[in-house]
Amino acid sequence: MTTAELRVVRVAADDQQTHEAVLDVLTRGFFPRESACLMAGVAASPEGARQLLDLVSIALKDGLSVAAYLGDEMVGCSVNKLQVKPAPGEASFFERFADERAPDPAANWTMHFMMRVDARADLFAEAGAGCDRLLELMFLAVVPEAGRRGVGVRLAAETVAVAREHGLRAVSAIFTSDHSRAIGRRLGFRELAVAEHADFQFDGKSVLDRLSPAQQRSVLVILNLT
């Protein structure tokens, strides 16, 4: 890996070449390593991976994501999704996507895992009275060869900066390992709920044997910006 200085840049909504690089980083650095993806076996399900990449492509069109480079190589990304509070009785964006565009068992399970953890707190209420829009740090990915260089914390910090610049009142996330949880604590995210992975099953079986000791729980967090 190059010794070039790390730089973090915004991902434009219409930059298809950069979008393709983000999808590659997720394929290499997220699906084979992230806790929820490991629990559902996303890396071993080409159709499930494709459906989750479709989700990413939609999020990138919000123009709120960021990417990290060492030299000319993208080594990490934070895929960020603008979340709008649904009207009473209306399905959320994630619910609609899971029902309509993620039928593969691995992708569908991953989506419902995210929703189950999100449901442990009212994020819009936590963001403050009257809040109906916030930024979700949806997928935080770093390729393996760029580990231990502070890429994740730089990406998360830039995500916070993006939210501030767009006048959003909060950034939410689900940190699915002790490593990403440490990033959240460093940046001042407030922990709302902890989901023990021992409470989840995939295909009727415990998921713990797929996870490392640092991947035993997920934490729902929020950072209020006002």
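Notes on the structure follow.

Reading the values: rules and limits
- Residues numbered from 1 in each chain as written.
- Predicted model: local features only at pLDDT ≥ 70, side-chain atom pairs only at ≥ 80, totals over all residues.
- Heavy atoms only, no water.
- Helix = DSSP H or I, 4+ residues; strand = E, 2+ residues; numbered from the N terminus.
- Rg over C-alpha atoms; globule rule 2.2 N^0.38 Å.
- Buried < 20%, exposed > 50% of the residue type's maximum accessible area, 1.4 Å probe, protein only.
- Contact = heavy atoms within 4.5 Å.
- Axes fitted to C-alpha atoms, helices over the stretch in contact; angles between N-to-C directions.
- Parallel < 35°, antiparallel > 145°, perpendicular 65-115°, else oblique.
- Left-handed = near helix turned anticlockwise from the far one by under 90°.
- Nonpolar A, V, L, I, M, F, W, Y, C, P; charged D, E, K, R; others polar.
- Pairing = 2+ DSSP bridges.
- Phe/Tyr/Trp six-rings, centres within 6.5 Å; stacked < 30°, edge-to-face > 60°.

Thoughts on the overall build of the protein
If you tally the helices and strands in the protein, you get 8 helices and 9 strands. The C-alpha atoms of the protein give a radius of gyration of 16 Å, which matches the 17 Å a tight globule of 226 residues would have. Looking at the protein residue by residue over its 226 residues, the buried ones come to 52%. Relative to all contacts within the protein whose residues are 6 or more apart in sequence, the contacts with residues 24 or more apart total 77%.

A look at the packing of helix H4 (residues 93–101) against helix H5 (residues 105–118)
Across the interface, H4 lies against H5 with an axial gap of 10 Å and an inter-helix angle of 160°. The pairing of H4 with H5 is recorded here as roughly antiparallel in orientation. With respect to the hand of their crossing, H4 and H5 are arranged in left-handed fashion. Contacts from Phe 94, Glu 95, Phe 97 and Ala 98 of H4 reach H5 at Asn 108, Met 111, His 112, Met 114, Met 115 and Asp 118. For the contact of H4 with H5, the per-class residue count stands at 6 nonpolar, 2 polar and 2 charged.

Here we look at the pairing of strand E4 (residues 133–142)
Most of E4 is tucked away: 8 of the 10 residues are buried. Sheet topology places strand E3 (residues 73–84) next to E4; 9 bridges connect them, and they run antiparallel. Bridge assignment links Cys 77 to a residue of E4, and that residue is Ala 141. One ladder, built from 3 bridges, connects E4 with strand E5 (residues 170–175); its direction is parallel. Across the sheet, Leu 137 pairs through a bridge with Ala 173, a residue of E5.

Details of unusual backbone geometry
The phi angle at Arg 148 is positive, at roughly 60°, despite the residue not being glycine. Looking at where Arg 148 falls in the secondary structure, it is placed in the loop between E4 and helix H7 (151–165). One non-glycine residue, Asp 203, adopts positive backbone phi at about 55°. For Asp 203, the position within the fold is in the loop between strand E7 (201–202) and strand E8 (205–206).

Here we look at the packing of aromatic side chains
This model, assessed by the stated rule, comprises 9 aromatic pairs. Measuring from ring centre to ring centre gives 5.9 Å for Trp 109 and Phe 202, while their planes differ by 90°; the resulting arrangement is edge-to-face. One end of the pair, Trp 109, is in helix H5; the other, Phe 202, is in strand E7, with 93 residues separating them in the sequence. The exposure class assigned to Trp 109 is buried, which follows from its relative accessible area of 14%. Looking at Phe 202, the relative accessible area reads 14%, which means it is buried. Judged by centre distance (4.9 Å) and plane angle (65°), the rings of Phe 113 and Phe 200 are edge-to-face. Taken together, the positions of Phe 113 in helix H5 and Phe 200 in the loop between strand E6 (190–196) and E7 put the pair 87 residues apart, joining distant regions of the chain.

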